[in-house]
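What follows is the residue order along each chain.
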Amino acid sequence: MMETSTFLNPATHMAASNECYLLPFQDATTTESLAALVAIMTFIRYSRVFLLEPMLRNIGHLAGEYTHGPKWPAQNQQKLDNFSDFSFRFLYRCVVTALGLIEFWQSPEWWLDTRQLWEGYPNHFVSNTVQLLYLLQLAYHIEDLGTVLIQGSSNRKDFKAMLLHHCVTALLLFGSSFYHATRIGCIVSTLHAITDVPKDFAKSAKQLEWKRASHVAFAVFVLSWIVCRMILYPFVYVRSTYTESSALHDGGMSVQSLNCFIALLSILCLLNLFWFGMMVKLVCDLLANGDAEDPSVKANKEEESAWVVTKNEDDDDDASDISDGTSTTYIESDTHDGDNSLDDQ
């Protein structure tokens, strides 16, 4: 008979490690976890609308006034609204990334040795950090899925990809929690969240017309995307799922469920490649034609483009240069920014 999992029986691990559980739920699909998820979604929504975004807007107002003069805020109300939205997303991604890095600090062995991801399955201890990371990620992606559906495909060419991304992410989070495969879930979430931190900082900085900061952050975003999503994720962790995860089947996961789990991880790889292709197209258009528009946004929605890049030969600002030394600027969306991970794109 299979040993009772410490994932479902926290008392077993508490007796051995003398650790205290702050969170009573170990599986995101239980009634307690779903109730906590609804509570977290409600808290995030109301704190965002009535507390955080107004506070961040005021910070943007003061920063814009300090940088550009007292008239700037009154002339850039939409940019201040965008700044508060992107800044909230930046803070959220920082929290998720911090939770993932805390777990890495506490359990580096199964981040650095992929065989440790599956060793001892399904008797994996799930820390409070991982539980909170899962609940925050699920709350964010479920809410964002609703936003994508409400907005529809009117202004995004990648609407179907975004919709698929959020569905796949939610399924992976629920599925990996239900089957106790939270180690790989935590790693995948963290790798994707890391890339979104510089992206949202770049967008926030651009709203305040801090061009050098936004250019540097955008360069860091591209580099982190290549390292985390194009190298580590597919060639280290997805590869491990294909070649080293036999313990999942031995621990009770059916062959069909295992294949479905691998398929979902593979779909994320393809989505990352799809969005990376858009990024490459944007840079190539910039270098070839002197300007480039966000390829994910429909042409008749130029004012809503999430990333519009143009060369600016006469700009007096000391913006960062790309390739041939000409500065670039990019203008973010005035609408909700489609997210792209096991946290955004």
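A brief structural summary. (Residues numbered from 1 in each chain as written. Predicted model: local features only at pLDDT ≥ 70, side-chain atom pairs only at ≥ 80, totals over all residues. Heavy atoms only, no water.)

1. Details of helix H2 (residues 31-68)
Inference 1: Here H2 contains 38 residues, and its C-alpha end-to-end distance of 52 Å stays within 8% of the 56 Å for a straight helix at 1.5 Å per residue.
Inference 2: Considering bend angle alone, the principal kink of H2 is centred on arginine 48 and spans about 55°.
Inference 3: Residues Ser33, Ala36, Leu37, Ile40, Ile44, Ser47, Arg48, Glu53, Leu56, Gly60, Ala63 and Gly64 constitute the buried set of H2.
Inference 4: For H2, the elements touching its buried residues are helix H3 (72-75), helix H4 (77-106), helix H6 (128-151) and helix H7 (159-178).
Inference 5: Where H2 ends, the next residue or the one after it, glycine 69, has phi of about 110°, a positive value. (Helix = DSSP H or I, 4+ residues; strand = E, 2+ residues; numbered from the N terminus. Expected span 1.5 Å × (residues − 1). Bend = angle between axes of the 7 residues up to and from the residue. Buried < 20%, exposed > 50% of the residue type's maximum accessible area, 1.4 Å probe, protein only. Contact = heavy atoms within 4.5 Å.)

2. What to know about the nonpolar core
Inference 1: With 62 residues, the main nonpolar core has Ile184, Tyr233 and Leu248 as its most contacted residues.
Inference 2: With 11 residues, the single largest contributor to this core is helix H11 (residues 255-289).
Inference 3: One finds Trp72, Leu80, Phe83 and Leu208 within the second-largest nonpolar core, a separate group that totals five residues. (Core = buried A, V, L, I, M, F, W, Y, C linked by side-chain atoms within 4.5 Å.)

3. Overview of H7
Inference 1: Here H7 spans 29 Å end to end across 20 residues, near enough to the 28 Å set by a 1.5 Å rise per residue.
Inference 2: Burial in H7 covers these residues: Phe159, Ala161, Met162, His165, His166, Val168, Thr169, Ala170, Leu172, Leu173, Ser176 and Ser177.
Inference 3: Phi turns positive one or two residues past the end of H7, at histidine 180, with a value near 70°.

4. What about the pattern of salt bridges?
Inference 1: Using the criterion set out here, one finds 12 salt bridges in the structure.
Inference 2: The partner of aspartate 85 in a salt bridge is arginine 48, with the nearest N and O atoms 2.5 Å apart. Of the two residues, aspartate 85 is situated in helix H4 and arginine 48 in helix H2; the sequence distance between them amounts to 37 residues.
Inference 3: Note that aspartate 196 and lysine 199 form a salt bridge whose closest N and O atoms lie 3.5 Å from each other. (Salt bridge = Lys/Arg side-chain N within 4 Å of Asp/Glu carboxyl O.)

5. Brief notes about the packing of aromatic side chains
Inference 1: In the structure shown here, the tally under the stated rule is nine aromatic pairs.
Inference 2: Ring pairing ties together the aromatic residues Phe104, Trp110 and Trp111, which thus form one cluster.
Inference 3: Above the face of the tryptophan 225 ring, arginine 229 is positioned so that its terminal group lies 4.1 Å from the ring centre. (Phe/Tyr/Trp six-rings, centres within 6.5 Å; stacked < 30°, edge-to-face > 60°. Lys NZ or Arg CZ within 6 Å of the ring centre and 35° of its normal.)

6. Some details on the packing of H4 against H6
Inference 1: It is at 10 Å that the axes of H4 and H6 come closest, and there the two elements cross at 150°. In terms of their interaxial angle, H4 and H6 are classed as roughly antiparallel. Classified by chirality, the crossing of H6 by H4 is left-handed. Residue-level inspection shows Arg89, Tyr92, Arg93, Val95, Val96, Leu99, Gly100, Ile102, Glu103 and Gln106 of H4 in contact with H6, the latter providing Thr129, Val130, Leu132, Leu133, Leu136, Gln137, Tyr140 and Asp144. (Axes fitted to C-alpha atoms, helices over the stretch in contact; angles between N-to-C directions. Parallel < 35°, antiparallel > 145°, perpendicular 65-115°, else oblique. Left-handed = near helix turned anticlockwise from the far one by under 90°.)

Taken by themselves, the reported measurements are silent on function.
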